[in-house]
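Structural features, examined
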Amino acid sequence: MYSSKITGMGHYVPDNIVTNDDLSKIMDTSDEWIQERTGIKERRWIKEGSDDSTGTMGAKAARIAIERAGLTKDDIDFIIFATLSPDYFFPGNGVLIQDMLDMPTVGALDVRNQCSGFVYSLSVADQFIKTGMYKNVLVIGSEYHSGALDKTTRGRGLAVLFGDGAGAAVLSRSEDISKGILSTHLHSQGEHAEVLTVKAPSISHWVPAIIEGGAEDTSYHPFMDGQKVFKHAIVRFSEAITEGLEANKLTADDIDMFIPHQANLRITQFVQRRFNLSDDQVYSNIQKYGNTTAASIPIAMSEAWEEGKFKDGDLIVIAAFGSGFTWGSVVIRW
Ligand code: UT7
């Protein structure tokens, strides 16, 4: 029997810092509104003309994670890439990473589960390792949101929330089954697919139709019914955490560190209160990066790790909720 352990983590964010005040110069919003509703102070947006992309940011994060795992690119058996902002319509970003990192012809899988993308990817990697199929799996979450946001007052409900960046983890086979990923739980509810969505370009609404629609056609910008997402998020986050804890015969008292998908500081604080966790038991960096979707958990984990917040034997709980709706949790014994 095998367990999968996270042996390396890395992250990369673009240099360009965009503050709430910067946004208030291009749309009708304010630092006060954004901080009060979301906790976000600033985010990173790729600067026009920069070489950064979903793929290159993912590659930068991946190189760090592989090195910190004490491995080389040639030791990686499989790539999993989570993003909702891929470089191409197809092929997916996994193969681009295989090329960018000059890796052998290993398999590459793209995961399209938005804010839950990293949780889903960890689960897939975990199954491959536990069954003995692969020894080292590279998991990446990367997003280039700023390219598709409507940066006018019309789009302010979403534009102020999202940031660019990437995080990566290497999962490796371990024979100590008391440590590593203890469980993963995944869920979806497609009846809410249109509550948080980018509808085009799609095969049924292809680029010429968008151009024909002119300024009225906003189908290629993200749409969100924020309050509906919020209400479901606080319920599903709590359910997923409870499900993960119960499956391992643990309780909230056993949690050393909770790393949520960074969607909104108010959602995180709600969950923190619900499980009676102290500030030291919850990791938040949404203040600096906004919501980086599939990248938010690996960026947060990589930073927490760098800050020495994970100790041997700690119980780390990860949870995410987002577009789909999809949600899930991962329970890790470090
Ligand atoms: O990661 C994926 C999952 N996503 C989430 O979990 C997001 C969940 N939802 C949320 O976090 C919150 O719903 C938001 C932060 C998105 C919005 O907060 P809210 O308290 O639900 O605000 P609202 O959408 O109800 O808007 C309140 C008001 C509206 O004006 P009126 O109709 O009351 O006059 C909006 O037009 O705030 C207005 N508004 C803004 N004002 C200034 C919306 N966006 C902005 C803005 N700046 N950026």
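Rules and cut-offs
- Residues numbered from 1 in each chain as written.
- Predicted model: local features only at pLDDT ≥ 70, side-chain atom pairs only at ≥ 80, totals over all residues.
- Heavy atoms only, no water.
- Salt bridge = Lys/Arg side-chain N within 4 Å of Asp/Glu carboxyl O.
- Helix = DSSP H or I, 4+ residues; strand = E, 2+ residues; numbered from the N terminus.
- Domains from an automatic or database assignment.
- Contact = heavy atoms within 4.5 Å.
- Buried area = accessible area lost by both parts, 1.4 Å probe.
- Polar contact = N/O pair within 3.5 Å; in protein donor to acceptor, adjacent residues only side chain to side chain.
- Buried < 20%, exposed > 50% of the residue type's maximum accessible area, 1.4 Å probe, protein only.
- 1 Å grid on protein atoms, 1.4 Å probe; cavity = no way out; pocket = protein on both sides within 12 Å on 5 of 7 lines; lining within 4 Å.
- Points joined across faces, edges and corners; volume = space filled by probe spheres on them.
- Nonpolar A, V, L, I, M, F, W, Y, C, P; charged D, E, K, R; others polar.
- Near = heavy atom within 4 Å.
- Sits in = over half its atoms within 2 Å of the grid points.
- Pairing = 2+ DSSP bridges.
- Axes fitted to C-alpha atoms, helices over the stretch in contact; angles between N-to-C directions.

Evaluation of the coordinates by the stated rule reveals 11 salt bridges. The shortest N-O distance in the salt bridge between Glu239 and Arg236 comes to 2.7 Å. Taken together, the residues span about one helical turn, with Glu239 and Arg236 both in helix 8 (residues 226-247) at a distance of three residues.

This next bit is on the domain arrangement of the protein. Examined at the domain level, the protein breaks down into domain 1 (3-177) and domain 2 (181-333). For domain 1 and domain 2, the distance between their C-alpha centres works out to 13 Å. Tallying the contact residues gives 53 residues for domain 1 and 50 residues for domain 2. At the boundary of domain 1 with domain 2, total buried surface from both sides reaches about 4,000 Å², with 65% on carbon and sulfur atoms. Three residues, His11, Cys115 and Val119, lead the burial of domain 1 against domain 2; their summed loss comes to 16% of the area buried on that side. At the boundary of domain 1 and domain 2, one finds one salt bridge. Note that Glu306 and Arg68 form a salt bridge whose closest N and O atoms lie 2.9 Å from each other. Inspection of the domain 1/domain 2 interface yields 22 residue pairs in polar contact (both at pLDDT 80 or more). Those elements giving two or more residues to the side of domain 1 that touches domain 2 turn out to be strand 1 (3-12), helix 2 (31-38), strand 3 (42-44), helix 5 (117-130), strand 6 (136-143) and strand 7 (165-174).

You can see Phe90 is positioned in the loop between strand 4 (78-82) and helix 4 (93-100). Taking the relative accessible area as the measure of exposure, Phe90 reaches 69% and is therefore exposed. Between the alpha carbons of Phe90 and Glu143 there is a distance of 16 Å; along the sequence they are 53 residues apart.

The next subject is the layout of surface pockets. Taken as a whole, the largest pocket holds about 1,100 Å³ of empty space. Taken together, 37 residues make up the lining of the largest pocket; nearest its centre are Leu84, Ser85, Pro86, Arg112 and Val198. The set of elements that each furnish at least two residues to the lining of the largest pocket consists of strand 5 (107-111) and strand 9 (196-197). Counted by class, the lining of the largest pocket contains 21 nonpolar, 12 polar and four charged residues. Inspection of the lining of the largest pocket shows a minimum of three residues originating in each of domain 1 (3-177) and domain 2 (181-333). There is about 610 Å³ of room inside the second largest pocket. Surrounding the second largest pocket, 28 residues form its lining, Leu161, Met224, Gly226, Gln227 and Asn264 being those nearest its centre. Of all elements in the fold, only helix 2, helix 6 (156-159), helix 8, helix 9 (265-274) and strand 12 (315-322) reach the threshold of two or more residues within the lining of the second largest pocket. A total of seven residues in the lining of the second largest pocket trace back to one element, the largest contributor, which is helix 8. Residues of the lining of the second largest pocket, tallied by class, amount to 14 nonpolar, nine polar and five charged.

On to the site of the ligand, then. Taken together, 22 residues sit near the ligand, with Thr29, Arg37, Gln227, Asn264 and Asn291 positioned nearest. In this structure the site holding the ligand corresponds to the second largest pocket. Going through the elements one at a time, helix 2, helix 6, helix 8 and helix 9 are the ones with two or more residues in the shell around the ligand. The element best represented in the shell around the ligand is helix 8, accounting for four residues. A domain-level breakdown of the shell around the ligand finds at least three residues from each of domain 1 (3-177) and domain 2 (181-333).

Turning our eyes to something else, we now look at the pairing of strand 6. Remember that side chains alternate between the two faces of the sheet whenever the strand is regular. Burial analysis of strand 6 places eight of its eight residues in the buried class, which makes it a mostly covered element. Of the two faces of strand 6, the one carrying Asn136, Leu138, Ile140 and Ser142 and the one carrying Val137, Val139, Gly141 and Glu143 are both buried. As paired strands, strand 4 and strand 6 are joined by five bridges and run parallel to one another. Note that in strand 6 the partner of Ala82 across the bridge is Gly141. As judged from the eight bridges shared by strand 6 and strand 7, these two strands associate in the antiparallel manner. For Val139, the partnering residue across the bridge sits in strand 7 and is Ala169.

For the rest of this paragraph, the subject is the sheet that holds strand 4. With respect to topology, five strands assemble into an open sheet ordered 1-7-6-4-5, the strand pairing being mixed. Both edges of this open sheet fall to strand 1 and strand 5, since each of them pairs with a single strand only. Direction aside, the axes of adjacent strands within the sheet are offset by 20° on average. Across the sheet, helix 4 touches strand 4, strand 5 and strand 6, and the angle it forms with strand 4 is around 130°.

Turning to the sheet that holds strand 13 (residues 326-333), a few remarks are in order. Strand order in the open sheet formed by four strands is 8-13-12-11, with mixed pairing between adjacent strands. Each of the sheet's edge strands pairs with one partner strand only, and the pair in question is strand 8 (180-188) and strand 11 (257-260). Averaged over all pairs of adjacent strands, the angle between strand axes in this sheet comes to 10°, irrespective of strand direction. Here strand 11 runs beside strand 12; their pairing, made up of four bridges, is parallel. Paired with Phe258 across the two strands is Val317, which belongs to strand 12. On the sheet, helix 5 packs against strand 8, strand 12 and strand 13 and is oriented at approximately 130° with respect to strand 8.

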